[in-house]
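Architecture at a glance
One letter stands for each residue in the lines below.
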Amino acid sequence: MIEGVRSVQELMERENYVTDRAIATTVFLAMQLRKPILIEGPAGVGKTEVAKVLAHALDTRLIRLQCYEGLDVNTALYEWNFPKQMLRMRIEEGSSLSTLEKEQLIFSEPFLFKRPLLQAISEPDQPPVLLIDEIDRADEEFEAFLLEVLSDFQVTIPELGTIEAAHRPYVALTSNRTRELSDALKRRCLYLWIDYPSFEKEAQIIQNKVPGVNHDLAQQIAAFMQAARHLKLSKIPGIAESLDWAVSLIALHQDHLEPEAVTETLGCILKDRDDIVRYAGPRVEAMVTAIAELDPNNLANAQDRILARAEA
Amino acid sequence: MNTDPSPRYGGAVSLQSVENEAGQRVWPDISRATRSDLAHNVIDFARLLRSSGLLASPAEVHDVVRALRFIDLADRHEFYLTLRSILLWNPDQQEMFDQLFERFWGGWTDEEAVIQEERAPTMQSAQSEQVESQSSDASYSAMEALIEKDFSDFRPDELGAVARACVVIAKRVATRKSRRYRITSRGSRVDPRRTIRRNVKFGGTVLELSKLERKVRKPRIVVICDVSRSMEQYSVFLLQFMHSMQNVIGRIESFVFSTALHRVSSYFKHSDIQTALEDIAREVPDWSGGTRIGESLHTFNQDFARRLVDQRTVVIILSDGLDTGQTDVLAEEMARLHSRCARLIWLNPLLGKDHYQPVARGMAAALPHLDVFAAAHNLASLQHLANSLATPRGPRPARTLVG
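What you are looking at is a predicted structure, and each value in this text was computed from that prediction instead of being measured.

Comments concerning the interface of chain A and chain B
- Taken residue by residue, the interface counts 35 residues in chain A and 32 residues in chain B.
- Elements that contribute at least two residues to the side of chain A that touches chain B include exactly helix 2 (21-33), helix 5 (82-91), helix 6 (99-106), helix 9 (183-188) and strand 9 (190-193) of chain A.
- Ranked by residues supplied to the side of chain A that touches chain B, first place goes to helix 2 of chain A with seven residues.
- Residues belonging to the side of chain A that touches chain B are distributed by class as follows: twelve nonpolar, eight polar and 15 charged.

Okay, structure coming up:
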């Protein structure tokens, strides 16, 4: 089915994911070499989206493990259903089962909660896509454990024995790079760095993803965002913010950028109080005015001119 | 395995042996594709990457060779992207990777993958500039080193008191509770899994509890101490503090800076503080010189942070924030450091002064990136610090503690 980089690109584009050669090549290689992909990049550039689109395109299940500090093996892999075990023991109270038999009974699969990693390994029908999101938030112990799972695709539960993957899942890990991951983990993976999109790509994404957005508005939003990323912001908006913004503008029946509507909806793209205080009002309005004066078909390289107005 | 010689990649003519030049392995041998088969060229390329500090082990080479079966070899950009996604893991090294790729596999032009020829010279001149600035720095430091520092002025009993207090503080720091649990019989949280198991024999009536207790976790600590002239009166005491911490905690890395950064952890391995101080004063040429915090932190982030700082590392900067370097560099490096570490603490001896406001340019630039901003002018303030270390990472802006 998958024959080359081009077909991966087509597959992803059919899912409305605007891709580029680098993303398509890495995804293609991950599928062929059966290696996990490690996706790094700033927040809101569509890292998680890669896994979602992949699952959808392959028509398979997406299993997601969200990482956080203190995430431990139990939460990621499996837990025993204690209340159920307790009840069962009550039921078996008068039965003739020995203590050992009772123990075997309540530590069997029906009493097991499967957490994401175990789900991914024990998926019966076809390989799922396993998304391990924000791995940089988990601690090093967990990273080491993950490394083990990713190299063997098998898991040992003391009470049950070893469970081996029926189908090796496709694995994508994302990281916001708040800390450096271990070389061992990186080594296990194909590496993909996704940066903020180019003007053309951003306009295309907005057009594809936001129903009802017209060509000119998509171009204007993209131009504004490209310029905004060069402002001194403490939280730089990603493509996720552009999309939210476009949806809000559509809800306000805007078909082009206007200072008033932009000010009202600025919270969609600037998410830090200091950023809003610094830029809301004259500076944002100057940027919008600069965009409005330009030909919507000629915004690709307008970034410097827009920025100059914001600084003036 | 596709090892077909491909003229586009192989440089079909020369089958140059690596040992040809005087039997030695020399740089030009692996600097470009000279073999007639692709797999060997990939091996050479990996070797070139390794010699330039990138990680490219035989395992990755194996993956590349496997991957070459699946891709369109006639498409140079695809070939480039394939090598990049397997052999490059750090976006900061992409420029270097691109240059090496161009040098090694050079000779094609492809719109997307073209790496401008100008780039190489630019980098070279940047390097030579750096060398120049380093050498001028060195002579500058040599001049500064003339200002000799004699530690004998300090009364020994003072140092002793500092040392004792520092040990108490350091122990406090060393026993922060982790988020992870371990199994004990007297902890605060019930471990349901083990409890159930232990009570099967009572028919499910819970008679014996297994408990969990938070593990004591020793944080890693990095201390970076300003020993410039404006810090003169304090730095000895602060180094004493670092010394005590190192002896109690073990996992602590110490640095000092004035105009440049120096790693001094090894000097603190002497149990005698006096010897350690003398060693450091001898080894650090710019002791009591000017202050370039931003540039020193840049060196730290660049050369050490990757190995020494992780999400459980507490980084402590001891400085008055009177910076003569560039404040935007300082702000940027502080932000980088803050995102890497568990907590970023700044101890400022001036904070103990009655009317002090952190308005010095350097201090103002650093403030938004701190978790704790505290005084460090006397023992009381250091004890205060120990208390603040026992509480979790607070929201920004930093809490200011005046002891």
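Thoughts on the confidence of the model for chain B
Residues and elements named next belong to chain B.
- Averaged over all residues, the pLDDT of chain B equals 68, while 58% of them reach at least 70.
- Mean pLDDT across the elements of chain B ranges from a minimum in helix 7 (residues 119-144), with 34, to a maximum in helix 5 (residues 76-87), with 90.
- The model gives residues 1-22 a pLDDT under 50, and that stretch makes 34 contacts with residues more than four places away or in other chains.
- Across residues 391-399 the pLDDT falls below 50, and counting only partners more than four positions away or on other chains, this stretch makes 14 contacts in the model.
- ipTM for the predicted complex: 0.76, alongside a pTM of 0.62.

Notes on helix 11 (residues 273-283) of chain B
Residues and elements named next belong to chain B.
- Those residues of helix 11 lying buried are Ile273, Ala276, Leu277, Ile280 and Ala281. Taken down its axis, helix 11 places every buried residue within 130° of arc, on the same side. Turned more than 90 degrees away from the buried face of helix 11, the exposed residues are Thr275 and Arg282.

Considering unusual backbone geometry
All names here are of chain A.
- In this structure, Arg34 is a non-glycine residue whose phi angle is positive, near 55°.
- Taking the number of C-beta atoms within 10 Å as the measure of exposure, Arg34 has 13 and is therefore partly exposed.
- Phi angles above zero are rare outside glycine, and Asp59 is one such case at about 55°.
- Relative to the helices and strands, Asp59 is located in the loop between helix 3 (47-57) and strand 2 (62-66).
- Judged by C-beta crowding, with 7 C-beta atoms within 10 Å, Asp59 ranks as exposed.

Overview of the packing of helix 2 of chain A against helix 5 of chain B
- Close contact between helix 2 of chain A and helix 5 of chain B brings their axes to 9 Å; oriented N to C, the two are set at 65°. Here helix 2 of chain A runs over helix 5 of chain B; the crossing is right-handed. Where helix 2 of chain A approaches helix 5 of chain B, its residues Arg21, Ala22, Thr25, Thr26 and Leu29 of chain A are matched on the opposing element by His77, Glu78, Leu81, Thr82 and Ser85 of chain B.

Re the packing of helix 3 (residues 38-51) of chain B against helix 4 (residues 58-68) of chain B
All names here are of chain B.
- As a packed pair, helix 3 and helix 4 sit with axes 10 Å apart at the nearest point and diverge in direction by 145°. Note that helix 3 runs across helix 4; the crossing there is right-handed. Residue-level inspection shows Leu38, Ala39, Val42, Ile43 and Ala46 of helix 3 in contact with helix 4, the latter providing Glu60, Val61, Val64, Val65 and Leu68.
- Its residues assigned to classes, the contact of helix 3 with helix 4 shows nine nonpolar, no polar and one charged.

Here we look at the sheet that holds strand 2 of chain A
Residues and elements named next belong to chain A.
- Across the sheet, five strands lie side by side as 2-5-8-1-9; this open sheet has parallel pairing. Either end of the sheet is taken by a strand with one partner, and the two such strands are strand 2 and strand 9. The sheet shows a mean angle of 20° between the axes of neighbouring strands, taken without regard to direction.
- The sheet contact formed by strand 1 (residues 37-40) and strand 8 (residues 170-175) spans four bridges and is parallel. The residue of strand 8 that forms the bridge with Leu38 is Leu173.
- Against the sheet, helix 2 engages strand 1, strand 8 and strand 9, with an angle of about 160° to strand 9.

Reading the values: rules and limits
- Residues numbered from 1 in each chain as written.
- Chains lettered and ligands numbered in written order.
- Predicted model: local features only at pLDDT ≥ 70, side-chain atom pairs only at ≥ 80, totals over all residues.
- Contact = placed C-beta atoms within 7 Å.
- Helix = DSSP H or I, 4+ residues; strand = E, 2+ residues; numbered from the N terminus.
- Nonpolar A, V, L, I, M, F, W, Y, C, P; charged D, E, K, R; others polar.
- pLDDT = per-residue confidence, 0-100.
- Buried ≥ 20, exposed ≤ 12 C-beta atoms within 10 Å, placed from the backbone.
- Arc of directions from axis to C-beta.
- Axes fitted to C-alpha atoms, helices over the stretch in contact; angles between N-to-C directions.
- Left-handed = near helix turned anticlockwise from the far one by under 90°.
- Pairing = 2+ DSSP bridges.

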